[in-house]
Number of protein chains: 2
Amino acid sequence: MSNPTNVSIIPLGGLGEFGMNAMLVECGGDMILIDIGMTPSRRFGIDMALPDIGYLIERREQLRGIVLTHGHEDHIGSLWHVLKHAPAPVYGTDLTLELAKNRLKEWGVLADADLNVIDADDRLEFGNIACDFLRVSHSFPNTLAAVLRTPIGTILHTSDFKLGGPLDADQFDAAGFALLGEEGILALLSDSTNTESPGFSPPESSVRPQLTEIFRSSRRRIIASTFASSLRRIQQLIDLAAEFGRQIAVAGRSMVNNTRAASELGHLWLPSNATIDLRRAKELPPDEVMVLMTGSQGEPFSALSMMADGSYGRFRIEKGDSVILSARVIPGCEKDVARVVDNLYRLGADVYYSGNCDGLHASGHGYREDLRMMIQLTRPRYFIPIHGDYRQLHQHALLAEESGVSPQHIHVIENGDRLEISEERCEVVEKVRAGRVLVDGQMLERLDEIVLRDRRQLSEDGMAIAILVRCQETGEPLAEPEIVSRGFVYMDESEELVNQAKAVALEALKAMPPEERAHKEAAQEAVRVALRRYFSKNTDRRPVILPVVLDV
Amino acid sequence: MSNPTNVSIIPLGGLGEFGMNAMLVECGGDMILIDIGMTPSRRFGIDMALPDIGYLIERREQLRGIVLTHGHEDHIGSLWHVLKHAPAPVYGTDLTLELAKNRLKEWGVLADADLNVIDADDRLEFGNIACDFLRVSHSFPNTLAAVLRTPIGTILHTSDFKLGGPLDADQFDAAGFALLGEEGILALLSDSTNTESPGFSPPESSVRPQLTEIFRSSRRRIIASTFASSLRRIQQLIDLAAEFGRQIAVAGRSMVNNTRAASELGHLWLPSNATIDLRRAKELPPDEVMVLMTGSQGEPFSALSMMADGSYGRFRIEKGDSVILSARVIPGCEKDVARVVDNLYRLGADVYYSGNCDGLHASGHGYREDLRMMIQLTRPRYFIPIHGDYRQLHQHALLAEESGVSPQHIHVIENGDRLEISEERCEVVEKVRAGRVLVDGQMLERLDEIVLRDRRQLSEDGMAIAILVRCQETGEPLAEPEIVSRGFVYMDESEELVNQAKAVALEALKAMPPEERAHKEAAQEAVRVALRRYFSKNTDRRPVILPVVLDV
């Protein structure tokens, strides 16, 4: 039994992978969850991946609260899933909760959700853990670092942050962090996203000159795309549109939702009478329009992607229009972005994106010198890099060592490690259940690994089904076997192969001892083995083979 | 009928896409093919994509020769396919042909291949087209630009090139190009790969300082990966191993083949007695070993990828080993590379790759100033950007305009455009058959688009098969329907869904007018429609549905 005042740090997502951040902190039987995100996916029909919260569900009686540091999808995107299985009060700023509501509604858990608006000055009490907050700069307004007060000391969770500068969402509370450092910090959990980038993270204002230049030189419509959650970038684009006398049309569901919510809450300024709909945008003189939308990652069914290939009926990009992709390219999306850019050029648009234009994006995450500053301000006893792929955590650990943290006090942990901190020591004491839950369409349930494995195999070599109908009494075939396939060979042109496969299947049954053959499962397995061998030899492919023996 | 002395430029691959370069040039009934490459693929079980050469096959009587400018796979990788369907004499340098042989052998077309070694001083005659060569710098030794002499003027095909410098494979023949410019060039076809990179392409020697520093600081084994075809990079790594007293183990089939071929032909220097096998590498002191291998793109079954996840039995990477990925990351491979790097860090290796270390790679392709220099040296009448995605061709066209080519004389064309050049004009006169042929395993034949579409759908939502056996005479069901699925839902946990689906299938049959129901195809279609609606409503997935009605 662990000491009741020890603190456990249990990452369920976001450590050793990109996206879906989720950090459990436990002390004396009280548990809080900091952030609960998701990761979008584009393969094998998966729509998103969520952290496996099985460990939390088993201990849901201990969960005192869920703290959302800000409203990006990798921090709030699977709140619905936790509220279904381990409901607890939720705390976040007004805008964070407003954006979280969309998905809660979609999954039918909004009505029962206990949502509580906080700001940086609030203190929350969760039994053995109290929680204060400090402002940080990030690409989302009012992002909060969480300061966890426990009986054995203070744990600081930075959330996503950079030092920032003009036009960044908020001023980084350097004095607050320094004061915390003076008081003494037991453990610092710090954002590792950009540990591979030297220097300081450029401020949000660094994109202003390049964007201004594009607005200045454009003679026709401007189509500007960024993340719907990059509210400071959206603000800059809106400011520029106003400055250059362009009306603003907002396209795409998430961009419409987010700009509306943020402007209603006063986090986004929209000039009055300057927003129009797409239909109106088509009628205005081209140099008086800016269309604001998502699609900066080349998402296949985004409005931008469809405009680029001409399949978006409501709006067409024309020769001379300027298209801006004001975002970094998320790893894995490079080919989709390249395809969209190529198509935009084919339409005669002028395209501004990371491949041909610097200064179109500023990261919301600190670079190495920002991260070093955090360590030097707070001078923690223990250092735990969070929020990053393994190589980023690893580099952050080296940076902490460079910055004066004792190497024995630096712990690179990954999802599922339970790191226990006592007054005497800090160590991983067990590996708990963690991993990914894959969500497909509107299925609330876990998409089974077996289903996913099958999809992968189906996508590689397709499948073939052999159906044999036998007489229940005599065991004799009642008809010629049927062979049906998909994604394997084009059957109409493979008559010979199909006929031989039928013979192979019948032969396999005949070759069995009669008493074995009578067992349906054994008969099916024999057919499967024979066909696998036959197809492998004659096509060099290994389709999924499904033998079906029916006794009627 | 076109004028017999007009020249047609017909790209069959590589224009508007990455990889698989293939350029047909025709004049007065004589055709030559310059390069014939492939593109590797990792999706839907496809191993590679080749240019569709249907247009060439129909005109194979006119094909006088195939000129290979150098031995990279995107220039030689589907020579086997042309030799099967449109055989013609092949011309290339000794090393280019040596590397091409591997694949010709693999596909059984080596014995009949007419391979002719050339060097830069040779002239080839193909009826109305004669072909001279000029040396260019590239990451492959003795890469040749093709100078095509036709009755109406000279067409220059640059191949892949950069101006280069110390340690590049060859000196760029600037004087030769300038002389050509003096004589007058009708059309320049120039490499567009790096049109988005400003300045000059760094010389191969630019990677030497960083690589030297890694060799100097490494205390244990060095594992160096690069492309098997980057022979100058391989030479530098070998030179450094020799300089720092390390024995060299070469791992992986293509790396072994290429280093052997190149060293036998004198294009690669290997220190005598310095090459060892992997077994021996494990026994030597760790600071006396370098392992040279492929896998720089995180290819899932490469030796490096398997070493990184611990599944490579013959050699294990240990704590403190240095791993170098000395290559750019090909678009689309970013996530695979990130996975390998993460795994290497988990093993405790020091990893040097593009994400954390500059100066590990120099491109073999010219940057904007290299490309501008080519245009200014040759001053062509017509300019046609080749070898690139559409956006790269587009940027190259703008660069040509900046560099003094008349905008009406610049033609951005894509695969399948037949651009006809006469003494009076230059224009696209028709669109010919072009596209991709997908190759799966050792299937020589085209992988049908239908098969591919099925694989994509199978991979998204899996499939479900419904089997209904009826009595041929009465039309009555002889047994309960069978439902089998893969990649859809996990059947063992979806009993309710499966039972209802069976009822839905029976119901669909019952609801049909008896005379319609008797038709097997109509019955199957009714079952398919009913199940599609049922599954879509109850699972929000759209699996491939295969109804099979059997009358016995």
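Residues numbered from 1 in each chain as written. Chains lettered and ligands numbered in written order. Predicted model: local features only at pLDDT ≥ 70, side-chain atom pairs only at ≥ 80, totals over all residues. Heavy atoms only, no water.

Asker: What's the story with empty space enclosed by the protein in this structure? I'm lost.
Answerer: A probe matching the size of a water molecule, rolled over the atoms, marks out where space remains unfilled. All names here are of chain A. Applying the stated criterion across every chain yields a total of 9 cavities of 30 Å³ or more. Considered as a void within the structure, the largest cavity measures approximately 80 Å³ in volume. Along the walls of the largest cavity sit 13 residues, with Asn21, His75, His157, Ile386 and His387 positioned nearest its centre. Only β2 (22-27) and β3 (30-36) provide two or more residues apiece to the lining of the largest cavity. (1 Å grid on protein atoms, 1.4 Å probe; cavity = no way out; pocket = protein on both sides within 12 Å on 5 of 7 lines; lining within 4 Å. Points joined across faces, edges and corners; volume = space filled by probe spheres on them. Helix = DSSP H or I, 4+ residues; strand = E, 2+ residues; numbered from the N terminus.)

Asker: I keep staring at the environment of Asp74(B) and nothing clicks. Help me out?
Answerer: Residues and elements named next belong to chain B. Assignment of secondary structure puts aspartate 74 in helix α2 (residues 73-76). Relative accessible area serves as the criterion here: at 18%, aspartate 74 is assigned to the buried category. With near-sequence residues (within four places) excluded, aspartate 74 lies in contact with Gly19, Met20, Asn21, Gly37, Met38, Asp160 and His387. (Buried < 20%, exposed > 50% of the residue type's maximum accessible area, 1.4 Å probe, protein only. Contact = heavy atoms within 4.5 Å.)

Asker: For this particular structure, what's the right way to read the packing of aromatic side chains?
Answerer: For any two aromatic rings, the description comes down to two numbers: the centre-to-centre distance and the angle of the planes. Residues and elements named next belong to chain A. Scanning the entire structure with this criterion turns up 12 aromatic pairs over all chains. Aromatic pair tryptophan 80 and tryptophan 107: ring centres 3.8 Å apart, planes at 5°, arrangement stacked. Highlighted residues: tryptophan 80 in helix α3 (residues 79-85) and tryptophan 107 in the loop between α4 (94-106) and β8 (115-117), separated in sequence by 27 residues. Comparing tryptophan 80 with tryptophan 107, the two get one shared label, buried. Through a chain of ring-to-ring contacts, three or more aromatic side chains come together here, namely Phe161, Phe172 and Phe177. (Phe/Tyr/Trp six-rings, centres within 6.5 Å; stacked < 30°, edge-to-face > 60°.)

Asker: Sorry, what's going on with the packing of helix α15 (residues 495-510) of chain A against helix α17 (residues 520-539) of chain A here?
Answerer: When two helices pack together, their arrangement is captured by the angle between the axes and the distance separating the axes. All names here are of chain A. With their axes 9 Å apart at the nearest point, α15 and α17 run at an angle of 145° to one another. Handedness of the crossing formed by α15 with α17: right-handed. For the pair formed by α15 and α17, the contact residues are Leu497, Gln500, Ala501, Val504, Ala505, Ala508 and Leu509 on the first element and Ala523, Ala526, Val527, Ala530, Leu531, Tyr534, Phe535, Asn538 and Thr539 on the second. For the contact of α15 with α17, the class distribution of residues is 13 nonpolar, 3 polar and no charged. (Axes fitted to C-alpha atoms, helices over the stretch in contact; angles between N-to-C directions. Left-handed = near helix turned anticlockwise from the far one by under 90°. Nonpolar A, V, L, I, M, F, W, Y, C, P; charged D, E, K, R; others polar.)

Asker: I keep staring at the nonpolar core and nothing clicks. Help me out?
Answerer: Residues and elements named next belong to chain B. One finds Leu56 and Ile66 to be the most contacted residues of the largest nonpolar core, which totals 60 residues. With 6 residues, helix α7 (residues 231-243) is the single largest residue contributor to this core. Ignoring any residue separated from it by four or fewer positions in sequence, one finds isoleucine 66 in contact with Leu33, Ile36, Leu79, Val82, Leu83, Ala88, Pro89, Val90 and Tyr91. (Core = buried A, V, L, I, M, F, W, Y, C linked by side-chain atoms within 4.5 Å.)

Asker: Any chance you could explain the pattern of salt bridges here in plain terms?
Answerer: Oppositely charged side chains can pair when the atoms bearing their charge come close. Residues and elements named next belong to chain A. Tallying each qualifying case throughout the model produces 70 salt bridges over all chains. The partner of arginine 436 in a salt bridge is glutamate 17, with the nearest N and O atoms 3.2 Å apart. Residue arginine 436 is located in strand β23 (residues 436-439), and its partner glutamate 17 is located in the loop between β1 (7-13) and β2; the two are separated by 419 residues in the primary sequence. The shortest N-O distance in the salt bridge between aspartate 551 and arginine 470 comes to 2.8 Å. With aspartate 551 in strand β26 (residues 544-551) and arginine 470 in strand β24 (residues 463-470), the pair connects residues that are 81 residues apart, well separated along the chain. When its relative accessible area of 3% is taken as the criterion, arginine 470 is described as buried. Through salt bridges that share partners, Arg123, Glu125, Asp132, Arg149 and Glu183 make up one connected network. (Salt bridge = Lys/Arg side-chain N within 4 Å of Asp/Glu carboxyl O.)

Asker: Before we go on, may I ask you to explain helix α12 (residues 368-378) of chain B in this structure?
Answerer: For the α-helix, the turn length of 3.6 residues means that residues three or four positions removed from each other point alike. All names here are of chain B. The element α12 is largely enclosed, with a buried count of 8 among its 11 residues. Buried within α12 we find Arg368, Asp370, Leu371, Arg372, Met374, Ile375, Leu377 and Thr378. Two residues or fewer past α12, arginine 379 is found with a positive phi of approximately 40°.

Asker: Sorry, what's going on with the environment of Ile118(B) here?
Answerer: All names here are of chain B. Tracing the sequence through the fold places isoleucine 118 in the loop between β8 (115-117) and β9 (124-126). Separated by 25 residues in the primary sequence, isoleucine 118 and threonine 93 place their C-alpha atoms 5.0 Å from one another. Apart from the residues lying within four places of it in its own chain, the contact partners of isoleucine 118 are Tyr91, Gly92, Thr93, Asp94, Leu124, Phe133 and Leu144.

Asker: I keep staring at the side chain of Asp52(B) and nothing clicks. Help me out?
Answerer: Residue and element names in this part refer to chain B. By the element assignment, aspartate 52 lies in the loop between β5 (48-51) and α1 (54-58). For aspartate 52, a relative accessible area of 7% corresponds to the buried category. Only 2.8 Å separates the side chain of aspartate 52 from the backbone nitrogen of glycine 54, close enough to count as a polar contact. Side chain to side chain, aspartate 52 and arginine 433 meet in a polar contact 3.1 Å long. (Polar contact = N/O pair within 3.5 Å; in protein donor to acceptor, adjacent residues only side chain to side chain.)

Asker: Looking at this structure, I do not really get unusual backbone geometry. What am I missing?
Answerer: Where the residue is not glycine, phi is negative for most of them; where a peptide bond is considered, it is trans in most cases. All names here are of chain A. The phi dihedral of aspartate 35 falls on the positive side, at around 65°, and the residue is not glycine. As for its placement among the helices and strands, aspartate 35 is situated in strand β3. Given the relative accessible area of 1%, aspartate 35 is considered buried.

Asker: I'm lost on the environment of Thr96(B) in this one. Help?
Answerer: Relative to the helices and strands, Thr96(B) is located in helix α4 (residues 94-106). At 3.3 Å, the side chain of Thr96(B) forms a polar contact with the backbone nitrogen of Gly71(B).

Asker: I keep staring at helix α5 (residues 174-183) of chain B and nothing clicks. Help me out?
Answerer: Residues and elements named next belong to chain B. Among the residues of α5, those classed as buried are Gly176, Phe177, Leu180 and Gly181. The arc that holds the buried residues of α5, viewed along the axis, is 140°, so those residues lie on one side. Opposite the packed face of α5, turned more than 90 degrees from it, sit the exposed residues Ala175, Leu179 and Glu182. On its buried face, α5 is in contact with β10 (129-135), β11 (144-150), β12 (153-157) and α12. Within two residues after α5, glycine 184 carries a phi angle of roughly 105°, on the positive side. (Arc of directions from axis to C-beta.)

Asker: When you look at the sheet that holds strand β14 (residues 222-225) of chain A in this model, what are you seeing that I'm missing?
Answerer: Whether parallel or antiparallel, the strands of a sheet pair through hydrogen bonds between backbone atoms. Residue and element names in this part refer to chain A. With respect to topology, 6 strands assemble into an open sheet ordered β16-β15-β17-β14-β18-β19, the strand pairing being parallel. Every interior strand has two partners, whereas the edge strands, β16 (275-276) and β19 (350-352), have only one. Where strand β15 (residues 247-250) lies against β16, 2 bridges are found, and the strand directions are parallel. The residue bridging isoleucine 248 from the neighbouring strand is threonine 275, located in β16. (Pairing = 2+ DSSP bridges.)

Asker: Could you clarify how one ought to interpret the sheet that holds β24(A) in this entry?
Answerer: Residues and elements named next belong to chain A. Taken in spatial order, the 3 strands of this open sheet run β25-β24-β26, and their pairing is mixed. Bordering the open sheet on either side are β25 (482-486) and β26, each of which pairs with just one other strand. Within the sheet, the average angular offset between the axes of one strand and its neighbour, ignoring direction, is 15°. Bridge analysis of β24 against β26 gives 8 bridges, and the strand direction is parallel. Its bridge partner lying in β26, arginine 470 is registered against aspartate 551. With respect to the sheet, α15 is in contact with β24 and β25, its orientation differing from that of β24 by roughly 50°.

Asker: Just checking my understanding: could you explain the pairing of strand β21 (residues 417-421) of chain B for this structure?
Answerer: On a regular strand, each side chain points to the face opposite its neighbour's, so the side chains alternate between the two faces of the sheet. Residue and element names in this part refer to chain B. Counting buried positions along β21 yields 5 of 5 residues, so the element is predominantly enclosed. Side chains Asp417, Leu419 and Ile421 of β21 all project onto a buried face; the interleaved residues Arg418 and Glu420 project onto the opposite face, where all are buried too. In the sheet, strand β1 (residues 7-13) pairs with β21 via 3 bridges, with the strands oriented antiparallel. Bridge pairing in β21 links valine 7 to isoleucine 421. Where β21 lies against strand β22 (residues 426-431), 5 bridges are found, and the strand directions are antiparallel. Bridge assignment links leucine 419 to a residue of β22, and that residue is valine 428. Between β21 and the antiparallel strand that follows it, β22, lie 4 residues.

Asker: Hey, could you run me through the packing of helix α13 (residues 390-402) of chain A against helix α11 (residues 334-346) of chain B in this one?
Answerer: Where α13(A) meets α11(B), the closest approach of the two axes is 8 Å, and the angle between their N-to-C directions is 45°. Between α13(A) and α11(B), the interaxial angle falls into the category oblique. Residues Tyr390(A), Arg391(A), His394(A) and Gln395(A) of α13(A) form the contact with α11(B), whose participating residues are Ala338(B), Val341(B), Asp342(B), Tyr345(B) and Arg346(B). Grouping the amino acids of the contact of α13(A) with α11(B) by side-chain chemistry returns 4 nonpolar, 2 polar and 3 charged. (Parallel < 35°, antiparallel > 145°, perpendicular 65-115°, else oblique.)

Asker: I keep staring at the state of the cysteines and nothing clicks. Help me out?
Answerer: One covalent bond between the sulfur atoms of two cysteine residues makes up a disulfide. Across all of its chains, the model carries 0 disulfides over all chains by this definition. Cys27(A) supplies the cysteine sulfur nearest to Cys131(A), a cysteine that is in no disulfide, at a spacing of 13 Å. The class of Cys131(A) is buried, set by a relative accessible area of 0%. The thiol sulfur of Cys471(A) is not disulfide-bonded, and the nearest other cysteine sulfur, from Cys471(B), lies at 12 Å. For Cys471(A), a relative accessible area of 15% puts it in the buried group. (Disulfide = S-S within 2.5 Å.)

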